[in-house]
Protein chains: 2
Amino acid sequence: MYSHTLMHSETLEIPQRVAEQVELNVSKIKKVAAHIRSGAPNLIVTCGRGSSAHAAIYAKYLFELSLGLPVASFAPSIASVYGANLKLEGALFLAVSQSGRSPDLIAAAESARVSGAYVVAVVNDEECPLSTVAHEVIPIRAGVENSVAATKTCVGAMSVLYDLCAELTRSQEKRGALKALPGTLKMALQCDWSSACAVMRTADQALIIGRGLGLSAASEAALKLKETCEIQAESYSAAEIKHGPMAIVRKGYSVIAAAMPDGSGASVHAIAHEFLKREANVYVVAARSKMSQESSGLHMPEAEEPCLQPLIFLQAFYLFANRLSIERGLNPDRPLSLQKVTETT
Amino acid sequence: MYSHTLMHSETLEIPQRVAEQVELNVSKIKKVAAHIRSGAPNLIVTCGRGSSAHAAIYAKYLFELSLGLPVASFAPSIASVYGANLKLEGALFLAVSQSGRSPDLIAAAESARVSGAYVVAVVNDEECPLSTVAHEVIPIRAGVENSVAATKTCVGAMSVLYDLCAELTRSQEKRGALKALPGTLKMALQCDWSSACAVMRTADQALIIGRGLGLSAASEAALKLKETCEIQAESYSAAEIKHGPMAIVRKGYSVIAAAMPDGSGASVHAIAHEFLKREANVYVVAARSKMSQESSGLHMPEAEEPCLQPLIFLQAFYLFANRLSIERGLNPDRPLSLQKVTETT
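Position numbers for residues count from 1 along each chain, tracking the sequence in the order it is written. Chains and ligands are labelled sequentially in the order written, the chains with letters from A and the ligands with numbers from 1. In keeping with the model being predicted, local features are shown solely for residues with a pLDDT of at least 70 and side-chain atom pairs are shown and tallied solely at 80 or more, while totals for entire chains, interfaces and linings include all residues. Values reported for side chains reflect all heavy atoms of the structure, with hydrogen atoms and water molecules removed beforehand.

Side-chain positions along a regular strand alternate between the two faces of the sheet. Residue and element names in this part refer to chain B. Residue exposure (1.4 Å probe, protein chains only): buried if accessible area is under 20% of the type maximum, exposed if over 50%, otherwise partly exposed. The way it works is that DSSP assigns letters per residue, a run of H or I at least four long becomes a helix, a run of E at least two long becomes a strand, and they are numbered from the N terminus. The element strand β8 (residues 254-258) is largely enclosed, with a buried count of five among its five residues. Of the two faces of β8, the one lined by Ser254, Ile256 and Ala258 and the one lined by Val255 and Ala257 are each fully buried. A strand pair is defined by DSSP finding two or more bridges across the two strands. Relative to strand β9 (residues 281-287), β8 runs parallel, the two sharing five bridges. Considered in β9, the bridge of Ala257 is made with Val284. For crossovers, right-handed means that the path from the first strand over the helix to the second runs clockwise, given strands pointing away from the viewer. Handedness of the β8-helix α11 (residues 265-277)-β9 crossover: right-handed.

With that out of the way, let us pick up the relation of the copies chain A and chain B. Residues below a pLDDT of 70 in either copy are left out; the C-alpha atoms of the rest, at least 70 in both, set the least-squares superposition of the copies. In the superposition of chain A on chain B (RMSD 0.0 Å, axial shift 0.0 Å), the rotation amounts to 180°. Taken together, the rotation angle and the small translation identify this as a two-fold axis. Of the C-alpha atoms belonging to chain A, the one lying closest to the rotation axis is found on Ala72(A), 2.1 Å away. Of the interface residues in chain A, 100% have counterparts in chain B that sit at the interface too, so the contact is made through matching surfaces. Contact between two residues is taken to exist if any of their heavy atoms lie within 4.5 Å; hydrogens are not considered.

What follows deals with the pairing of strand β1 (residues 44-47) of chain A. Residue and element names in this part refer to chain A. Neither face of β1 is exposed, since Ile44 and Thr46 on one face and Val45 and Cys47 on the opposite face are all buried. Relative to strand β2 (residues 71-73), β1 runs parallel, the two being bridged by three bridges. Across the sheet, Val45 pairs through a bridge with Ala72, a residue of β2. Read as a crossover between parallel neighbours, the route from β1 over helix α3 (residues 51-67) to β2 is right-handed.

Right, let's get into the domain arrangement of chain A. When the parts of a complex come together, some accessible area is lost, and that lost area is often taken as the interface size. Residues and elements named next belong to chain A. Per the domain assignment, the segments making up chain A are domain 1 (6-186) and domain 2 (191-327). In this structure, domain 1 and domain 2 have C-alpha centres spaced 25 Å apart. Domain 1 puts 30 residues into the contact, and the matching count from domain 2 is 26 residues. Buried area: the sum, over both parts, of the accessible surface (1.4 Å probe) that disappears when the two are put together. Summing both partners gives a buried area of about 2,400 Å² for domain 1 against domain 2, and 74% of it is carried by carbon and sulfur. When residues of domain 1 are sorted by the area they lose upon contact with domain 2, Met7, His54 and Thr184 head the list and together hold 22% of the total. The term salt bridge refers to a pairing of a side-chain nitrogen on Lys or Arg with a carboxyl oxygen on Asp or Glu at a separation within 4 Å. Our enumeration of links across domain 1 and domain 2 arrives at one salt bridge. The salt bridge partner of Glu305 is Lys174, with a shortest N-O separation of 3.5 Å. Two N or O atoms count as a polar contact when they lie within 3.5 Å, although within protein this holds only if one can serve as hydrogen donor and the other as acceptor, and sequence-adjacent residues are included solely when both atoms are side-chain atoms. The interface formed by domain 1 and domain 2 includes seven residue pairs in polar contact (both at pLDDT 80 or more). Residue ranges labeled as domains rest on an automatic or database domain assignment.

This part takes up the UniProt feature "domain: SIS" (unreviewed entry) in chain A. With numbering matched to this structure, UniProt assigns "domain: SIS" (unreviewed entry) to residues 32-174 and 196-330 of chain A. Secondary structure across residues 32-174 of chain A comprises 48% helix and 16% strand; the distance between its end C-alpha atoms is 17 Å. UniProt positions are given in the numbering used here, feature names are shortened, and annotations may be inferred rather than shown by experiment.

Turning to the sheet that holds strand β1 (residues 44-47) of chain B, a few remarks are in order. All names here are of chain B. A sheet is described by the order of its strands in space; here five strands give the open sequence β2-β1-β3-β4-β5, paired in parallel fashion. One side of each edge strand has no neighbouring strand; the edge strands of this open sheet are β2 (71-73) and β5 (136-139). Between one strand axis and the next, the sheet turns by 25° as a mean value, whatever way the strands run. A fitted line through C-alpha atoms serves as each axis, taken over the contacting stretch for helices, and the angle formed by two N-to-C directions is quoted from 0 to 180°.

Residues and elements named next belong to chain A. Strand order across the open sheet formed by five strands is β2-β1-β3-β4-β5, with parallel pairing between neighbours. With one partner strand each, in any of the chains shown, β2 and β5 (136-139) form the two edges of the open sheet. In this sheet, adjacent strand axes meet at a mean angle of 25° when their direction is disregarded. Sheet topology places strand β3 (residues 92-97) next to strand β4 (residues 118-123); six bridges connect them, and they run parallel. Bridge pairing links Leu94 to Val120 in β4. Each of β3, β4 and β5 touches helix α2 (residues 26-39); the most contacted strand, β5, lies at about 140° to it.

Written out as structure tokens, the structure reads:
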């Protein structure tokens, strides 16, 4: 009963699409990585909106941890509203977009190129205006995405970024983990999170907690609950939540805690424990080997390399959001007043 | 009846504290600015948590627009959880904190210093561990802040950052506007936003819309509604909100739109108009000369220079949040389970 939507069928496509992408992008990734290496950038700047912004958060942690390069986020308004250029000589500029058609994103990429950055567009629709502005385009290869809620293009953008990082770091471990990724994503399709569905059927509010690499997945999950389930879900790092916002968590409040199998997981488990003491409905999502005894746990398979865990989480989460949307009497393919291509200026 | 709280009295102190700060920091600001200029940084990195993170968002737009330097945000977990160092040779690292005692913030500043950055701490408590890690300390001079919800330290941190920017750009216009700031802040104490109070008395959810420079103020306002009013308020840029999250805005939903008197104001007015069509309760906050005819408007005095408008907005907003908290039967000085000093690791 949950399988008739576009969101569902496109989520099921993810493992196969990622496998094709990794295979077909080999020479492109090598070429772009070689060019980046030759330029020896001291800064990476990302730009994206919506789900693509969450892929950009993923890139921030991934590249900072793997390459030690600082990663800044380019606010499109700097170019499109204020008409300002930044000093980006020698920087790597990564523009992420499904459609590649948002005027403000194109203005940002143009501004970065004029400022001396090497502009790489990660896009699903290669024949887009953003491509004409970029020095190089890496295709996401997710196929046509008809669901208004992005699923396969978001995980696909993340796997492109991971692929580029693996090539830049020449990490055999990362390359091996990427080859194994489609298989683990397929396993994630079997996750049963129906216990959380039952409780969140009537929720109007929720928090999604992550930290570090997991913050990208938490942010994307929160957006999906807003757009497909009309739940005001907000993502927070397990540390940032303590600086005030946790005041809203009371008995019966819904919390999903995405615990990654790296050093960040402990603080996510700790804040989940704190919210359980307040009698909130807390669901900790963890790899089976890291399951906490003390809370309602949702299982996810473990990625071969911790940096890939956010993609595994999202694979399972998208199915969950689709089901929750339907259980709430909504149609995830027809969110209130939203279009597929959002052109912001 | 709204004036017996610490939050209220500390909010009233802001104009005087800022005036003292500007006067007493003259030589310190000159010294730090001279050192920054001599180092010719090509990157600014900020770090802060909670309200200080919002001052850091303000710094991002301010320095990017005024100096053209890219501004990145340092995620404390990179240092404290993952133990990684970034390549920050020659960068300017701005650590913002009220207490200067969060272990993860101190770890971040230490990591930046080891990586070759020039570390400047903007703190209220000068005798803090963070100060010992920094090359230079610029005091916020807000006096002791006892209210759990930060008010004067946040606006104070923002005015320090503006002061530094004015000195770095040698802008007579910015210096003049800074001198006039306490007077405009004082005028903002007269703002009457009681109409919004009446409607939001029973709200559990809200959105605060800003864009560009105004996004910092929107983020800080959303945090204040969470911690003092137990309203799940989230901030969004007028552009980002279109990428899915606006699905949650229906009839009767509360929206505060912070329209700055610069190029970003138009998109904030436009999204407010869209939400009015959905019969949401929309309050547009604008300078009197920029008031929209079509929505319930809340007035704020206009800063001499548009970059200072977020501080004016917050001056008025803090009084509003204090009043709304009390009208909701809460005590803004005693938020649920929060302490004044939040030590995150």
